[in-house]
Amino acid sequence: PASLAQGATNQNVVVTGTSSSGTEFWDPDVSYLNHIAAAFSGTGITVNSITFTDPTHITLNVSVSGAATAGLRNLTVTNPDGQQATGSNVFTVT
């Protein structure tokens, strides 16, 4: 879903990216120290886990605090090498 209600717990959110000039999501095997990360702007949304699906899809398991401010949020995804991209106003807390 592109939105979740305040108080939602352990919900899966599929993120679809667009590959441009070779950019993509990636996550190495468990032997590598750094892994893909994601964070929403503002407070009150916890990313519990991230599952790499393919170069343009990841699934975030998230929980939204009952006290999270309602409204639009940005999402920043950071690859293990530090490259990151931010989607503006791509998620809504209701």
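Please read all numbers here as calculations on a predicted model, not as lab measurements.

A. Quick peek at the overall build of the chain. When you go through the chain residue by residue, the secondary structure sums to zero helices and seven strands. Listing each helix as α and each strand as β along the chain from the N terminus yields β-β-β-β-β-β-β. Computed over its C-alpha atoms, the radius of gyration of the chain comes to 13 Å, within 12% of the 12 Å expected for a compact globule of 94 residues. C-alpha atoms of the chain, sized along the principal axes, occupy 35 × 30 × 20 Å. A total of 94 residues make up the chain; the buried ones form 26% of that total. In the chain, 59% of the contacts between residues at least 6 apart in sequence involve partners at least 24 apart. Accessible surface for the chain amounts to roughly 5400 Å². Of this, 51% is attributable to carbon and sulfur atoms.

B. Summary view of the side chain of Asn-79. Mapped onto the elements, Asn-79 comes out in the loop between strand E6 (71-78) and strand E7 (84-93). Within the local environment of Asn-79, its side chain forms a polar contact with the backbone nitrogen of Trp-26, the two atoms lying 3.2 Å apart. Those residues in contact with Asn-79, other than ones at most four positions away along the chain, are Glu-24, Phe-25, Trp-26 and Ile-36.

The rules behind each value
- Counting restarts for each chain: residues are numbered from 1 in the order of the written sequence.
- Residues qualify for local features only when their pLDDT is at least 70, as the model is predicted, and side-chain atom pairs are given and counted only at 80 or more; totals for whole chains, interfaces and linings, by contrast, use all residues.
- Side-chain figures throughout are based on the complete set of non-hydrogen atoms in the structure, without hydrogens or water.
- Under the scheme used here, helices are H or I runs from DSSP no shorter than 4 residues and strands are E runs no shorter than 2 residues, and both carry numbers assigned from the N terminus.
- Throughout, radius of gyration means the C-alpha value; the globule benchmark is 2.2 Å times the number of residues raised to the power 0.38.
- Any residue under 20% of the maximum accessible area for its type is buried, any over 50% is exposed, and the rest in between are partly exposed; the area is computed with a 1.4 Å probe on protein chains only.
- Contacts between residues were defined by any pair of non-hydrogen atoms, one from each residue, lying within 4.5 Å.
- Note on areas: these come from Shrake-Rupley sampling with a 1.4 Å probe, and a residue is covered only by the protein chains present in the view.
- For the purposes of these results, a polar contact is taken to be a pair of N or O atoms within 3.5 Å, where, inside protein, one atom must be able to donate a hydrogen and its partner to accept one; residues adjacent in sequence count only when each atom of the pair is a side-chain atom.

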